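Examining the three-dimensional arrangement
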Amino acid sequence: HLYFRFTPPGFPHLLGTAELGRDLLHRILTGGRVSIMVGLLATLVTIFAGVSVGTIAGYAGGWLDNVLMRLTDAMLSIPTIFLLILISTAFGATPTVIVLAIGLTAWPQTARIIRSVVLSVRETDYVEAARAVGSGHLKIVMRHILPNALGAIVVSATLSIGTAILTESTLSYLGLGIGPPIASWGSTLFHAQEFIWEAPYYALFPGFMILITVLCINFMGDGLRDAFDPRSFER
């Protein structure tokens, strides 16, 4: 309702209204659903790619490890934000493209973490015993390697969610992320910057939600890291 555009926070609009008279609380809740869903789905892509590359590299070793790690180093050397901008511009800023773009550019960090865990686990006695009794490589990986890397996978996934939400918000804020009619926290900030002096609360609330959400997810990741680390109980 244009008559109620830029109504300050109060009743009945608890967080105020936007430039078209839309309720900002409703828009933030709707945008949060999109931003968090993008973060979760992008993290699934990141974990699948990172765990696959890290496990193969760490378990196989040799030339395959060298090839995969050099590929990982090459990905880490590319500025992620510029690559995401290129993908978004070339293929369109749809939710599917954004999820795949974020997920397929964030896997190198996960791959390095999982590789280091697999390198240590594959030399343990129970893995050697599994090889001695004739267990196949797939069985060893699924029953002995990955269960012992579960802690690192869970922690990496938790921390990747916050990073994915920030990345999506950055792209949307630059006008290259998810656009109308779909709302996200980043796209809300993008529209709010034009009215920063007229209605500063318009940018404050979605930015605050991004801050709180990512902070909570990072705290959760730190807690899970301590829970999965046996050495934390010795302190």
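Let us look at the overall build of the protein. Along the backbone of the protein there are 10 helices and 0 strands. Expressed along its principal axes, the backbone C-alpha trace of the protein runs to roughly 75 × 45 × 25 Å. The long-range fraction of contacts in the protein, counting pairs at least 24 apart against all pairs at least 6 apart in sequence, stands at 66%. For the protein, the exposed area adds up to about 12,800 Å²; of that, 71% sits on carbon and sulfur atoms. Treating the 14 positive side-chain charges of the protein as one cloud and the 14 negative ones as another, the clouds have centres 6 Å apart.

The subject of this paragraph is the nonpolar core. Judged by nonpolar contacts, the single largest core of 18 residues is most densely connected at F6, L24 and Y202. Elements supplying a minimum of two residues to this core: α1 (24–60), α8 (150–173), α9 (185–192) and α10 (201–228). Ranked by residues supplied to this core, first place goes to α10 with 6 residues. The residues touching Y202, leaving out its near neighbours within four places in the chain, are F6, A18, E19, L24, T188, H191, A192 and F195. I47, V118, V141 and A152 belong to the second largest nonpolar core, which has 16 residues in total.

Pairs of aromatic rings are described using the distance from one ring centre to the other and the angle between the two planes. Per the counting criterion, the structure on display carries 1 aromatic pair. Look at F195 and Y202: their rings are 6.4 Å apart centre to centre, the planes differ by 20 degrees, and that puts the pair in the stacked class. Its relative accessible area of 14% is what places F195 among the buried residues. Residue classification places Y202 among the buried residues on the basis of a relative accessible area of 0%.

Another point: a nonpolar patch on the surface. A grouping of I36, M37, L40, L41 and L44 is seen on the molecular surface, where their side chains present a nonpolar patch of about 430 Å² in accessible area. Tracing the chain through its elements places I36 in helix α1. Judged by relative accessible area, I36 falls into the partly exposed class, the value being 34%.

The terminal C-alpha atoms of helix α2 (residues 62–77) lie 23 Å apart, and with 16 residues this matches the ideal 22 Å at 1.5 Å per residue to within 8%. Tucked inside the fold, the buried residues of α2 contact α1 and α5 (107–121).

At a minimum axis distance of 7 Å, the contact between α1 and helix α4 (residues 95–105) shows a crossing angle of 45 degrees. With respect to α4, the axis of α1 lies oblique. By crossing handedness, the relation of α1 to α4 is classed as right-handed. Between α1 and α4, the contacting residues are V38, L41, A42, V45 and T46 on the first element and I98, V99, L100, I102, G103 and L104 on the second.

Right, let's talk about the pattern of salt bridges for a bit. The final tally for this structure, using the stated rule, is 5 salt bridges. Between R112 and D73 there is a salt bridge; the shortest N-O distance is 2.1 Å. Taken as a pair, R112 in helix α5 and D73 in helix α2 lie far apart in primary sequence, 39 residues in all. A relative accessible area of 27% means that D73 is categorised as partly exposed. Of the charged contacts in the structure, one is a salt bridge between R131 and E128, with a shortest N-O distance of 3.0 Å. Here the residue R131 and the residue E128 both occupy positions in helix α6 (residues 125–132), the gap between them amounting to 3 residues, near one helical turn.

Across its 24 residues, α8 extends 34 Å between first and last C-alpha, which sits within 8% of the 34 Å expected from 1.5 Å per residue. Most of α8 sits out of view: 17 of its 24 residues are buried.

Direction vectors running N to C along α1 and α2 enclose 145 degrees, while the axes themselves pass 7 Å from each other. Relative to α2, the crossing made by α1 is left-handed. Facing α1, whose interface residues are V53, I56, A57 and A60, α2 presents G62, L64, D65, L68, M69 and T72. The residue makeup of the contact of α1 with α2, split by class, is 7 nonpolar, 2 polar and 1 charged.

Reading the values: rules and limits
Residues numbered from 1 in each chain as written. Predicted model: local features only at pLDDT ≥ 70, side-chain atom pairs only at ≥ 80, totals over all residues. Heavy atoms only, no water. Helix = DSSP H or I, 4+ residues; strand = E, 2+ residues; numbered from the N terminus. Contact = heavy atoms within 4.5 Å. Areas by Shrake-Rupley, 256 points an atom, 1.4 Å probe, with all protein chains shown as cover. Lys, Arg positive; Asp, Glu negative; His and termini not counted. Charge placed at Lys NZ, Arg CZ, Asp CG, Glu CD. Core = buried A, V, L, I, M, F, W, Y, C linked by side-chain atoms within 4.5 Å. Buried < 20%, exposed > 50% of the residue type's maximum accessible area, 1.4 Å probe, protein only. Phe/Tyr/Trp six-rings, centres within 6.5 Å; stacked < 30°, edge-to-face > 60°. Patch = residues over 30% accessible without salt bridge, like charges linked within 9 Å, V, L, I, M, F, W, Y side chains within 5 Å. Salt bridge = Lys/Arg side-chain N within 4 Å of Asp/Glu carboxyl O. Expected span 1.5 Å × (residues − 1). Axes fitted to C-alpha atoms, helices over the stretch in contact; angles between N-to-C directions. Parallel < 35°, antiparallel > 145°, perpendicular 65-115°, else oblique. Left-handed = near helix turned anticlockwise from the far one by under 90°. Nonpolar A, V, L, I, M, F, W, Y, C, P; charged D, E, K, R; others polar.

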